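Structure assessment
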Amino acid sequence: MALVTTGVVVLDCAEPEKLAEFYKELLEAEHVDASANRVEVRTGEGFRLALRRDMNATAPSWPRPENSLQAHLEFVAEDLDGVERRIVSLGGRPVESGDPSGAAEERGYADPAGHSFTVRRGVPMAPKQG
């Protein structure tokens, strides 16, 4: 029997309630837990994401190298244009992510708190470049 049975991705941010709303709407998730300093959402497929209050949190500057990408979320979708419209309507923004062509088309974004994430069509087969 495994000692660790599940995991949660946790993002630090100044306003977890607001960021939880962004991801709740983007992922069509539900709130499953909330306290003064942490909010967790879960999708119908079981993906869990928690947003933890950190008043000193600073977002990475990716794709700029000053405060490079440490980790990011990656989502898969078929309608990349539709997803982009949804992200922008919820307060996210596109970021420069390189060449968007190819079989594993990918687009980079920042959530309202500045955390980076990508939305791609297909699964990447090549290593990260740059």
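Residues numbered from 1 in each chain as written. Predicted model: local features only at pLDDT ≥ 70, side-chain atom pairs only at ≥ 80, totals over all residues. Heavy atoms only, no water.

Taken together, the 4 strands give an open sheet; going across it, the order is 5-8-7-6, and neighbouring strands pair in mixed fashion. Looking at strand neighbours, the two that pair on one side only are strand 5 (73–76) and strand 6 (93–95), the edges of this open sheet. The sheet shows a mean angle of 35° between the axes of neighbouring strands, taken without regard to direction. Sheet topology places strand 5 next to strand 8 (residues 116–120); 4 bridges connect them, and they run parallel. Residue pairing for strand 8: Val76 is matched across the bridge by Arg120. Helix-sheet contacts for helix 2 (residues 80–89) involve strand 6, strand 7 (106–110) and strand 8, and the interaxial angle to strand 7 is about 5°. (Pairing = 2+ DSSP bridges. Helix = DSSP H or I, 4+ residues; strand = E, 2+ residues; numbered from the N terminus. Axes fitted to C-alpha atoms, helices over the stretch in contact; angles between N-to-C directions. Contact = heavy atoms within 4.5 Å.)

Pairing between strand 2 (residues 30–34) and strand 3 (residues 38–42): 4 bridges, direction antiparallel. Across the sheet, the residue bridging to Glu30 is Arg42, located in strand 3. Looking at chain direction, strand 3 and strand 4 (residues 48–53) are connected through 5 bridges and run antiparallel. By the bridge assignment for strand 4, Val41 is matched with Leu49. Linkage of strand 3 to strand 4, two consecutive antiparallel strands, is achieved through a turn of 5 residues, within which Gly46 is found at a positive phi near 100°.

What follows is about the nonpolar core. Across soluble globular proteins, you tend to see nonpolar side chains buried next to one another. Among the nonpolar cores identified, the biggest contains 22 residues, and Tyr23, Leu51, Ile87, Phe117 and Val119 are the most heavily contacted of them. Those elements that place two or more of their residues in this core are strand 1 (9–13), helix 1 (16–27), strand 3, strand 4, strand 5, helix 2 and strand 8. Of the residues forming this core, the biggest block, 6 residues, is contributed by helix 1. Look past the residues within four positions of Leu51 in its chain and what remains in contact with it is Leu11, Cys13, Pro16, Leu19, Ala20, Tyr23, Asn37, Arg38 and Val39. (Core = buried A, V, L, I, M, F, W, Y, C linked by side-chain atoms within 4.5 Å. Buried < 20%, exposed > 50% of the residue type's maximum accessible area, 1.4 Å probe, protein only.)

Take the sheet that holds strand 2 next. If you trace the 4 strands from one edge of the open sheet to the other, you get 1-4-3-2, paired in mixed fashion. Only two strands of the sheet have a single partner each, and these edge strands are strand 1 and strand 2. Across the sheet, the axes of successive neighbouring strands diverge by a mean angle of 25°, strand direction being ignored. Looking at chain direction, strand 1 and strand 4 are connected through 5 bridges and run parallel. Bridge assignment links Val9 to a residue of strand 4, and that residue is Leu49. On the sheet, helix 1 packs against strand 1, strand 2, strand 3 and strand 4 and is oriented at approximately 160° with respect to strand 4.

What is shown is where atoms sit, not what they do.
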